[in-house]
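Here is how the chains run, residue by residue.
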Amino acid sequence: MNENAIVNIHLALVDGALSSIEDKNTTNEIYDTLTKLYEEKSLYNKIILKRRLYTLRMTKSTSMTDYINILNTLFSQLTTLRHTISVNEHAELLLQSLSDSYDQLIINLTNNILRNNLVFDNVAAAVLEEENQCKNKEDRQTSSQQANALLVTRGRSIERGSSGSHTHGRSKSRSDCDNSKSTTCYVFALASGAVSWILKLQSVVANSTTEAEYVVATQASKEAIWLKMVLEQLGYEHKKISLFCDS
């Protein structure tokens, strides 16, 4: 009976563990050796996991969903090692590991709880909602800045006015020696990136450089009105566009 049990134990163990019991002759000796071996490993793993859990801090590069998943994984691993963390402590560990930008949320949550009980699922939902609100606010600010950065430029450089959203640019037309037509050239930029531009011969022969500039200004104004309408359709309110031309 004892020999059969020993054979079964040998068959069930991995090769790495067999070396620790090869000199044991009874099942009691084998059991004591294996218990000591795996309990020591469990204690070591428990210490490592607890150290990681209590020193964990959320970084800017980690999304809140991923961070909560990391915490839940650590909770689960410690539970497997027979180290149970209370539900209240789950929530406290989540809050204390957040960045300073969540301080106001922590104050609101801790002021509104009853009997000093924090529920992890409720706290996680509140933190996720706070993250979404912050992202939406940043997106709106970025979109507003991009809409206000709409510039109509022609030629050399772009300048931004200090009040409102103004278009500062230079238009330049030059004569074509072959057919006497001037060249229309303008560029529209959104957030410092070109979104609409043109460089082609005008369809009419201008009698003067002034007339050629009026042709360019008219075409650029039409394009500016169209782009403004597109931005309004997308929900971005844009201020007036000032067009500057020179010869």
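Let me sum up the structure you'll find in this document. (Residues numbered from 1 in each chain as written. Predicted model: local features only at pLDDT ≥ 70, side-chain atom pairs only at ≥ 80, totals over all residues. Heavy atoms only, no water.)

1. Considerations on the side chain of Glu 223
One can find Glu 223 in helix α8 (residues 209-233). Buried and unpaired, Glu 223 has no salt bridge, with Lys 200 as the nearest side chain of opposite charge at 9.8 Å. In this view, Glu 223 contacts Tyr 186, Phe 188 and Ser 196; residues no more than four positions away in its chain are not counted. (Helix = DSSP H or I, 4+ residues; strand = E, 2+ residues; numbered from the N terminus. Buried < 20%, exposed > 50% of the residue type's maximum accessible area, 1.4 Å probe, protein only. Lys, Arg positive; Asp, Glu negative; His and termini not counted. Salt bridge = Lys/Arg side-chain N within 4 Å of Asp/Glu carboxyl O. Contact = heavy atoms within 4.5 Å.)

2. A closer look at the pattern of salt bridges
According to the stated counting rule, one finds one salt bridge in the structure shown. With a closest N to O distance of 4.0 Å, Lys 135 and Glu 131 form a salt bridge. On the criterion of helical spacing, the pair formed by Lys 135 and Glu 131 is a turn pair, its members being four residues apart in helix α7 (residues 120-148).

3. Overview of a nonpolar patch on the surface
On the surface, Trp 226, Val 230, Leu 234 and Tyr 236 cluster together to form a nonpolar patch covering roughly 390 Å² of accessible area. Note that Tyr 236 resides in the segment after α8. (Patch = residues over 30% accessible without salt bridge, like charges linked within 9 Å, V, L, I, M, F, W, Y side chains within 5 Å. Areas by Shrake-Rupley, 256 points an atom, 1.4 Å probe, with all protein chains shown as cover.)

4. Some points on the pairing of strand β2 (residues 183-190)
Two strands pair when backbone bridges link them, and β2 and strand β3 (residues 193-201) are joined in this way by eight bridges, in the antiparallel orientation. Of the residues in β3, the one forming a bridge with Thr 183 is Leu 201. Adjacent in sequence and paired antiparallel, β2 and β3 are bridged by two residues, among which Ala 191 carries a positive phi angle near 55°. (Pairing = 2+ DSSP bridges.)

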